[in-house]
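# Close look at the chain arrangement
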Amino acid sequence: MSQLSNSTSSVQHVRLIFFLVIIAYFMDIIDASIVTVALPSIRLEFGASIANSQWIYGAYAITLAGFLLLMGRAGDIYGQKKIFVSGLVIFTIASFTGGIAPSLLSLIISRSVQGIGAAMTTVTAFAIFIRIFPEGPERNKALGYIVAVLAGGFAAGAVVGGVLTTFLGWRWVMFINVPIGIVATILCQRYFPVGGGWLQNQHLDIPGALTVTSGTMLLVFGLTNAAGLGFTSVLTYIPLIASVLVLGLFLLIESRSVSPLVPLSFIRRGSVLTANILALVLTSVVGGVGFIIPVYFQNILGYSALDSGLLTLPPALIFFVVGGFVASRLVNKFGAKKILLVSSGLVAIGTLLLTPMSPNGNPFILMPGLLIWALGASIGFPAINIAAVAGTKPGEEGLASGVVNTSSRMGFPIGLAILLTVAGAFDPPSAGTPSAAGIVAGFQVAVITASLIAVLGFLIALRLKDVKPAWASGNWKPNEVAAQ
């Protein structure tokens, strides 16, 4: 029996632990969805501009992406439970302080702290998931359940965010995390297995941790500025240049480190590199389009936050059903490469079908494109994660989780920066406030650009190193190690 399978049998309360892992993801995804819906109300209360209010999400995204690799590896060394529970406590406290924030600045600070807590919980949650489920159909099926919960959390966040904002006020979109976080912390402290990390004799690579964290945060900061100010702004290109230099220094440090934070040999192994590039590409399309469509519904067509949330339910149901209960079976039968080729193709087609949007249009005209877009993404995300963690060894759970989570998180600001820059460049100039027709024209070019990015994903998927899974033959036993 493989070492990973042995760890599965030795862990008590596996189902409860898996449930708590899911809660960590649920808190992160519902928070992102709820806050997005509540942004117009937050802007109104604080009298903030769109450019300033974007930092309500931007601050969260910067710290979340920046701390993923560090916290993932810290869990390998010091113990996943310590990092996970500490992250829950930080996230819960920051949610409360965000709910009572007296100003936009204090809310942004709370959101940045919240992002650190989310990085600690989500990256260690996935590492724990890798550890308790052996590679093969069992892991793929469990991953499907995570995707289903994420889809449900996104849909619930859109609807609950609209309800809370409409009837109780936007502050309750922050407060809702507090009771969930308290209960999860108590259960984790009681039922998570006690123990240190896998890498008992290894110390954390401090130079690597500092450079990758600061470099990633600079990159997301620059991309977030690019979304609002364009790539020619000083606040955009200086952080981007600095991030390239710092991340280059990180690679140099890792190549010479005795105990690297991210061993370069791991990145080059099997399908890891290609899968993570695909994660970057796919999430850039999903993140960019996922931002544009609610803005179109609310700011152009004039729908309320609640109605906009309800309009996102059909694609969210696709994520829930297909991503949760169908995608893993498809990967088991056909392998990750074929599924990712189909996924990127469907995302490209679905995104292209969003171009008929107009200033006085009917939102249901976009529904076929949204459903095809959601179908492609829903089968793609599980396949990417399966490919990215294939062959993970004991002691690499946090590393594998940190790398693929960072790639996925980086895709959102990259997609948003590219698509909003394109939209702004093709928005015809007008006197005073931009016209609805000009904004929509920019959005149309942006979704065409997103479709082309998805085509790039298809070409990258062609290069994925993929073997037919051992479990697809029907003769595979759960205690066999999958072919690498």
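Residues numbered from 1 in each chain as written. Predicted model: local features only at pLDDT ≥ 70, side-chain atom pairs only at ≥ 80, totals over all residues. Heavy atoms only, no water.

### Things to note about the overall build of the chain
Looking only at helices and strands, the chain has 20 helices and 0 strands in total. The burial tally for the chain puts 57% of its 484 residues in the buried class. Considering only contacts in the chain between residues 6 or more positions apart, those separated by 24 or more positions represent 85%. Summed over its atoms, the accessible surface of the chain is roughly 19,600 Å², and 71% of this surface lies on carbon and sulfur atoms. (Helix = DSSP H or I, 4+ residues; strand = E, 2+ residues; numbered from the N terminus. Buried < 20%, exposed > 50% of the residue type's maximum accessible area, 1.4 Å probe, protein only. Contact = heavy atoms within 4.5 Å. Areas by Shrake-Rupley, 256 points an atom, 1.4 Å probe, with all protein chains shown as cover.)

### Some points on helix H9 (residues 177-191)
With 15 residues, H9 extends 21 Å between its outermost C-alpha atoms, agreeing within 8% with the 21 Å of an ideal straight helix rising 1.5 Å per residue. Burial in H9 covers these residues: Asn177, Val178, Gly181, Ala184, Thr185 and Cys188. Projected down its long axis, H9 carries its buried residues within an arc of 130°, all on one side. Seen from the open side of H9, the exposed residues pointing more than 90 degrees away from its buried face are Ile186 and Arg190. (Expected span 1.5 Å × (residues − 1). Arc of directions from axis to C-beta.)

### Side note on helix H13 (residues 272-300)
Taking 1.5 Å of rise per residue, 29 residues should cover 42 Å, and H13 covers 41 Å from first to last C-alpha, within 8% of that figure. Counting buried positions along H13 yields 22 of 29 residues, so the element is predominantly enclosed. Directly beyond the C-terminal end of H13, a positive phi value near 80° is found at Gly302.

### Quick word on the nonpolar core
Membership of the largest hydrophobic core comes to 106 residues, with the highest contact counts inside it found for Phe129 and Tyr296. When residues no more than four places from it in sequence are discounted, the contact partners of Tyr296 are Leu301, Met357, Ser358, Gly361, Leu366, Val440 and Phe443. (Core = buried A, V, L, I, M, F, W, Y, C linked by side-chain atoms within 4.5 Å.)

### Side note on empty space enclosed by the protein
Taken as a whole and assessed by the stated rule, the structure comprises 3 cavities of 30 Å³ or more. In this structure, the largest cavity encloses a volume near 80 Å³. In this structure, the largest cavity is lined by Leu278, Val281, Leu282, Val285, Leu340, Ser343, Ser344, Ile384, Ala454 and Gly457. Every element with two or more residues in the lining of the largest cavity is listed here: H13, helix H17 (336-352) and helix H20 (436-461). Of all the elements, H13 adds the most residues to the lining of the largest cavity, at 4 residues. The class makeup of the residues in the lining of the largest cavity is 7 nonpolar, 3 polar and no charged. Of the pockets and cavities examined, the second largest cavity occupies roughly 60 Å³. Along its surface, the second largest cavity is lined by Tyr57, Tyr60, Ala61, Leu64, Ala65, Val220, Arg409, Phe412 and Pro413. (1 Å grid on protein atoms, 1.4 Å probe; cavity = no way out; pocket = protein on both sides within 12 Å on 5 of 7 lines; lining within 4 Å. Points joined across faces, edges and corners; volume = space filled by probe spheres on them. Nonpolar A, V, L, I, M, F, W, Y, C, P; charged D, E, K, R; others polar.)

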